[in-house]
Amino acid sequence: MDRRTFVRGVTGGLALAGTQLLLPRSLWAGLPDGTIASEEMFALPGKQPLIKRSFRPPNFETPVSQFTDVITPNDRFFVRWHLASIPEIDPREWKLGIGGDAVTAPFEVTLEQLQRDFEQVEIVAVCQCSGNRRGLSDPHVPGVQWGYGAMGNARWKGVRLKDLLAKAGIGKDAVELALDGADRGALDATPDFIKSIPVWKAMDENTIVAWQMNGEPLPHWNGAPARLIVPGWTATYWTKKIVSIRAVTQPVASFWMAKAYRVPKGKFPSVDRFTSQETAENTPITEIVVNSLVTNVSEGQKVRAGAPLVVKGMAWDAGYGIRSVDVSTDGGRSWQDAELGADLGRFSFRPWQFVFKPSKGAHTISARASNGAGQTQVEQLIFNPAGYNNNVIQRIGIEAV
Ligand SMILES: Nc1nc2c(c(=O)[nH]1)N[C@H]1C(S)=C(S)[C@@H](COP(=O)(O)O)O[C@H]1N2
Ligand SMILES: [Mo]
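All residue numbers refer to position in the chain's written sequence, counted from 1. In the order they appear in the text, chains get letters beginning with A and ligands get numbers beginning with 1. Restriction of local features to residues with pLDDT of at least 70 applies here, the model being predicted, together with a cutoff of 80 or more for giving and counting side-chain atom pairs; totals for whole chains, interfaces and linings are based on all residues. Processing note: side-chain calculations cover all non-hydrogen atoms of the structure and skip hydrogens and water entirely.

1. Regarding the side chain of Asn206
Alright, step 1. For Asn206, the location among the structural elements is in the loop between helix 4 (199–202) and strand 11 (208–213).
Alright, step 2. Here Asn206 is in contact with Ile123, Ile229, Pro231, Arg346 and Phe347, once residues within four sequence places are set aside. Helical segments are the DSSP runs of H or I of at least four residues, strand segments are the runs of E of at least two, and each set is numbered from the N terminus. Contacts are assigned to residue pairs that have any heavy atoms within 4.5 Å of one another.

2. Considering the sheet that holds strand 3 (residues 59–61)
Alright, step 1. We call two strands paired when DSSP finds no fewer than two bridges between them. What the 4 strands build is an open sheet, ordered 1-2-3-4; its pairing is antiparallel. Strand pairing shows two members of the sheet lacking a second neighbour, strand 1 (41–42) and strand 4 (79–80), which therefore form its edges.
Alright, step 2. Direction of pairing for strand 3 relative to strand 4: antiparallel, over a ladder of 2 bridges. Bridged to Asn59 within strand 4 is Arg80.

3. Structural notes on helix 3 (residues 161–168)
Alright, step 1. For helix 3, the complete set of buried residues consists of Leu161, Leu164, Leu165 and Ala168. Viewed along the axis of helix 3, the buried residues span an arc of 95°, placing them on a single side of the element.
Alright, step 2. Downstream of helix 3 by a residue or two, Gly169 has a phi angle that is positive, lying close to 70°. Accessible area is worked out with a 1.4 Å probe on protein chains only. A residue is then buried under 20% of its type maximum, exposed over 50%, and partly exposed in between. What the arc covers is the set of directions going from the helix axis to the C-beta atoms.

4. Thoughts on the side chain of Ser370
Alright, step 1. Structurally, Ser370 is set in strand 24 (residues 361–371).
Alright, step 2. Take Ser370: its relative accessible area is 16%, and that puts it in the buried class.

5. Considering the sheet that holds strand 21 (residues 336–337)
Hydrogen bonds between backbone atoms are what pair the strands of a sheet, whose relative direction is either parallel or antiparallel.
Alright, step 1. Spatial strand order, 18-25-24-20-21: 5 strands in an open sheet with mixed pairing. Two strands in the sheet have a free side with no partner beyond their single neighbour: strand 18 (302–303) and strand 21.

6. Some points on the pattern of salt bridges
Alright, step 1. Within this document, salt bridges are pairs made up of a side-chain nitrogen of Lys or Arg and a carboxyl oxygen of Asp or Glu, the two lying within 4 Å of each other. In the structure shown here, the tally under the stated rule is 14 salt bridges.
Alright, step 2. Two residues, Arg184 and Asp180, come together in a salt bridge whose shortest N-O distance is 3.8 Å.
Alright, step 3. With a relative accessible area of 37%, Arg184 lands in the partly exposed category.
Alright, step 4. Its salt-bridge partner being Lys302, residue Glu399 comes within 3.6 Å of it at the nearest N-O pair. Linking Glu399 in strand 25 (residues 396–400) with Lys302 in strand 18, this pair joins segments that are 97 residues apart in sequence.
Alright, step 5. Judged by its relative accessible area of 55%, Lys302 falls in the exposed class.
Alright, step 6. Sharing partners across several salt bridges, the network here consists of Glu39, Arg53 and Glu61.

Right, dumping it as structure tokens:
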């Protein structure tokens, strides 16, 4: 478990040490809303135990130690919902509406028609929450206090969105695609989760309406019967239980577009822009930043001095392709190339490993991924008020004995 690393990061701004986790819960009472006091494991129906961040709406992350395979199994895949009312949809009843004021021939499609009447395509792609690692932000920022596991990598199968839009007769005046799922706010006044993507991203051949995940129907928690897959972009656009896609001639002004999921302009090295939603100050988050995770070594771990230690992990980015992963065992003074593993496509996790023989004593392990766009992970957090795009190089202290 990476609990100690995580807690250290989370509480950095509060000057608490990891061991104080064991203090009674009441001592945490004064912490800001959403700050985690523990890492409770809980198994949702159909899922393995995951780290619980909240119940209602359900927010659960995958423990780092479980990213052993390049594909994240469905029952270990993280779960993130904004709204508390999440209907179980009978796949025979489900319909997806394709419409909006920028199409000439709106239509509805059933699951059977989606599977039968359109070309089926597959893509391996990382689904990562914009706020993955938010809990490590120092200073603290509000929101779900994710550690490292608000992400997963799966093989998605479905239909290209552009094929659906072609059938609906999308016009030249379309600016965005408005996306809506079947979930709703319950008693609270949380606005409906309406998102949008620019037309050019919707027409990208990699953007699909997926009805299969790793060879199986999507789990309820991950969006059954179908969800949008927007490879390279953070998961906020990957609408689950999708029921409506509308090509519109005006930018979508929903709460979740206008107020949330925005980053200050110019702070992150994104190439993809979402110009119809930009303001003078900020822009919607778009691409996943280049990143890596050490999956088999955790803070405070004791290893055998002089014996080969295989450090393993994953690297990923927005689809430019992982070019290299460098590993340091001396706190970032020197770096060496890790060996890259199987390539399942440019939107997938790329496994890597690095073998070294630790001498007796303390070592600090770091990994640093670089991609085909010349981007690399950062040493210092690029602070932003919502805690997005955290790709700070990890520092994991181990001891060889
Ligand atoms: N309908 C619907 N789709 C949604 C969301 C949501 O709240 N409702 N959350 C989005 C966000 S912010 C994330 S991170 C991903 C999480 O996908 P997962 O639960 O399959 O891991 O779903 C996205 N799609
Ligand atoms: Mo998210």
